[in-house]
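Now for the letters of each chain:
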Amino acid sequence: MFIHLGGDTVIRSKDVVAILDQDTHDSSSITKQFLSSHENRDVIEISKELTKSVVVTIDRVYLSPISSLTLRRRAQVVSEFEDYSEDVGESSQS
């Protein structure tokens, strides 16, 4: 399944490693260090709007104008739907 990060950006949910609040980026030295190491490559700014969350995937980092809470909810809905689909598929094969 997919998660909409804002603008025209949609990513595969299984590629998501972390969804971080922008405030975490501003306050955590470890997060700052990680993002600065990726700053010149593989960082995609989705919108010129205020960045509210940082989404880390397997191969890229996205700066999203959508809050981390909203993105986590979207990811959770996708995860629950995938779990439901697997359960339905298994029971229909029995």
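Analysis parameters
- Along every chain, residues carry numbers that run from 1 in the direction the sequence is written.
- For a predicted model such as this one, the threshold for reporting local features is a pLDDT of at least 70, and the threshold for listing and counting side-chain atom pairs is 80 or more; totals across whole chains, interfaces and linings nevertheless cover every residue.
- Side-chain numbers here rest on the full set of heavy atoms in the structure, without hydrogens or water.
- One side-chain nitrogen of Lys or Arg within 4 Å of one carboxyl oxygen of Asp or Glu is enough to make a salt bridge.
- Accessibility here uses a 1.4 Å probe with only protein chains present; expressed as a share of the type maximum, an area under 20% marks a residue as buried, one over 50% as exposed, and anything in between as partly exposed.
- In DSSP terms, a helix is any run of H or I states spanning at least four residues, a strand is any run of E spanning at least two, and both are numbered starting from the N terminus.
- Residue contacts follow a heavy-atom distance rule, with two residues in contact if any of their heavy atoms lie within 4.5 Å.
- pLDDT is a per-residue confidence score from the predictor, ranging from 0 to 100.
- Between any two strands, at least two bridges found by DSSP are needed for them to pair.
- What counts as an axis is a line fitted to C-alpha atoms, over the stretch in contact for a helix, and the angles between N-to-C directions run from 0 to 180 degrees.

### Topic: the pattern of salt bridges
Between side chains of opposite charge, pairing is possible as soon as their charged atoms come close. Following the criterion strictly, the structure yields two salt bridges and no others. The closest approach of N and O atoms between arginine 60 and aspartate 59, which form a salt bridge, is 3.7 Å. In this structure arginine 60 comes out as partly exposed when scored by relative accessible area, which is 35%. Exposure remark for aspartate 59: the relative accessible area of 47% places this residue in the partly exposed category.

### Some words on the environment of valine 61
Within the secondary structure, valine 61 sits in strand β6 (residues 61–64). The buried category is assigned to valine 61, whose relative accessible area is 2%. C-alpha of valine 61 to C-alpha of isoleucine 19: the two residues are 42 residues apart in sequence and 9.9 Å apart in space.

### With respect to the side chain of threonine 9
Looking at where threonine 9 falls in the secondary structure, it is placed in strand β2 (residues 9–12). Contact partners of threonine 9, with chain neighbours within four places excluded, come to Ile3, His4, Ile46 and Tyr62.

### Here's the deal with the environment of arginine 60
Topologically, arginine 60 is positioned in the loop between β5 (53–57) and β6. Discounting residues that sit within four places of it in the chain, arginine 60 has contacts with Asp42, Ile44 and Val55.

### Thoughts on the confidence of the model for the protein
Mean pLDDT over the protein: 81, with 78% of residues reaching 70 or higher. Put simply, helix α1 (residues 22–27) is where the protein has its lowest mean pLDDT, 69, and β2 is where it has its highest, 94.

### A closer look at the sheet that holds β5
Adjacent strands of a sheet form backbone hydrogen bonds with each other and so pair up, either parallel or antiparallel. A sheet is described by the order of its strands in space; here four strands give the open sequence β3-β5-β6-β4, paired in mixed fashion. Of all strands in the sheet, those with a lone pairing partner are β3 (16–21) and β4 (43–45), marking the two edges. On average, each strand axis in the sheet is inclined to that of its neighbour by 20°, with strand direction left out of account. In terms of strand pairing, β3 meets β5 through five bridges, oriented antiparallel. Note that in β5 the partner of valine 16 across the bridge is threonine 57.

### A look at the environment of valine 16
Mapped onto the elements, valine 16 comes out in strand β3. Along the chain, valine 16 and valine 61 lie 45 residues apart, while their C-alpha atoms are 9.7 Å from each other.

### Side note on the pairing of β6
Inspection of the sheet shows β4 paired to β6 by three bridges, in the parallel sense. Along β6, the bridge assignment pairs glutamate 45 with leucine 63. The pairing of β5 with β6 spans four bridges and is classified as antiparallel. If you follow valine 54 over to β6, its bridge partner there is leucine 63. Here β5 hands over to β6 after three residues, the two strands then running antiparallel side by side.

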